[in-house]
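Each chain, letter by letter, is given below.
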Amino acid sequence: LLRSVHSVLNHSPPHLLGQIILVDDASTPDRERFYEAHWERLQDELTEYCQHLPKVLLVRVRQRRGLMMARMEGAWRATADVLIFLDSHIEATEGWIE
């Protein structure tokens, strides 16, 4: 996720990038991979980290509603005229937004 965010920040001309909105669709831990305390720590660290990134807004919804509603949550908070929806596992390269 953070690699995706940094690739967008690093490979987007500032005048073309208004904001990055990350929407957490009420994610829950995979109990086989994460202890509850570890999961909560990771969530807190992500929140803290995003607060220090330029143009990044992290939105956490209380109830899972699916991909399209998560994207709409981001759209409702957007301030730009043009929106681009990306998945969390992408990597932007030079010229991707032009």
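Note: the structure precedes this text.
Remember, predicted model here, so these are calculated numbers, not experimental data.

A.B. asks: Pulling in residues and values, what's your account of unusual backbone geometry?
C.D. replies: Unusually for a residue other than glycine, Ala-26 sits at a positive phi of about 55°. Counting through the fold element by element, Ala-26 comes out in the loop between strand E1 (20-24) and helix H2 (36-51). Accessibility expressed as a relative area gives 17% for Ala-26, which makes it buried. For Lys-55, which is not a glycine, the phi torsion comes out positive at approximately 65°. Tracing the sequence through the fold places Lys-55 in the loop between H2 and strand E2 (56-60).

A.B. asks: Give me the lowdown on the nonpolar core, citing residues and values where you can.
C.D. replies: Residues Val-5, Val-8, Leu-9, Leu-17, Ile-20, Leu-22, Leu-46, Cys-50, Leu-53, Val-56 and Ala-92 constitute the largest nonpolar core, which totals eleven residues. Contributing elements (two or more residues each) for this core: helix H1 (2-10), E1 and H2. No other element matches the three residues that H1 contributes to this core.

Rules of the game
Residues numbered from 1 in each chain as written. Predicted model: local features only at pLDDT ≥ 70, side-chain atom pairs only at ≥ 80, totals over all residues. Heavy atoms only, no water. Helix = DSSP H or I, 4+ residues; strand = E, 2+ residues; numbered from the N terminus. Buried < 20%, exposed > 50% of the residue type's maximum accessible area, 1.4 Å probe, protein only. Core = buried A, V, L, I, M, F, W, Y, C linked by side-chain atoms within 4.5 Å.

Keep in mind these values describe shape, not function.
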